[in-house]
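Each chain is listed here by its residues.
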Amino acid sequence: MASKFTDLEIDCADPRTLARFWCAVLDYEVRDDRDDVVTIGSPLVPEGRNRPGPVPPTLTFARVPEGKTVKNRLHVDVNPTDRSQDEEVRRLLDLGARHADVGQGEVSWIVLLDPEGHEFCVLAGRHP
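Source: prediction; values computed, not measured.

*Asks:* Teacher, can you tell me more about the pairing of strand β7 (residues 110–113) here?
*Replies:* Along any regular strand the residues' side chains alternate between the sheet's two faces. The alternating pattern of β7 places I110 and L112 and V111 and L113 on opposite faces, both of which are buried. The pairing of strand β6 (residues 98–99) with β7 spans two bridges and is classified as antiparallel. Across the sheet, H99 pairs through a bridge with L112, a residue of β7. When β7 meets strand β8 (residues 119–122), the two strands line up antiparallel, connected through four bridges. In the strand pairing of β8, L113 is matched with E119. Counted along the chain from β7 to the antiparallel partner β8, the turn is five residues long, and its residue G117 has a positive phi close to 95°.

Next up, the structure:
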């Protein structure tokens, strides 16, 4: 069996604030909150990495002393499941995201920044 993607670790200045933002974006819940590390995950698959087969990955936010200085080398794509791309972008902007221009040009996705400046994309297609 091959490995499966179960966790994404994200460095940040304020793990709790960023975890709240991403919980609202993904409809996740806090799974663990200790010291300077907060982990969030899907309430639909609470057993996560111990479950056979694919699972929604958890996101872990860890406080680091240095700030973000350059474009992400890895980023999250989100896909609206119950609304249009424009409606989802408006919702995410209301949660604290902001638009970003990373030189993407004319593309079908919209690049946003989370409250700490991590780039992520809102895709055009809707997939449940």
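*Asks:* Would you mind going over the side chain of S42 with me for this structure?
*Replies:* One can find S42 in the loop between β3 (37–41) and β4 (58–63). Within polar-contact distance, the side chain of S42 engages the backbone nitrogen of L44 at 3.1 Å. Once you skip the residues sitting within four places of it in the chain, S42 turns out to touch Y28, R31 and P56.

*Asks:* Whenever I open this one, the environment of E66 confuses me. Can you help?
*Replies:* Mapped onto the elements, E66 comes out in the loop between β4 and β5 (76–78). Given the relative accessible area of 48%, E66 is considered partly exposed. Separated by 55 residues in the primary sequence, E66 and D11 have C-alpha atoms spaced 9.0 Å apart.

Here is what the cut-offs are and how they apply
Residues numbered from 1 in each chain as written. Predicted model: local features only at pLDDT ≥ 70, side-chain atom pairs only at ≥ 80, totals over all residues. Heavy atoms only, no water. Buried < 20%, exposed > 50% of the residue type's maximum accessible area, 1.4 Å probe, protein only. Helix = DSSP H or I, 4+ residues; strand = E, 2+ residues; numbered from the N terminus. Pairing = 2+ DSSP bridges. Polar contact = N/O pair within 3.5 Å; in protein donor to acceptor, adjacent residues only side chain to side chain. Contact = heavy atoms within 4.5 Å.

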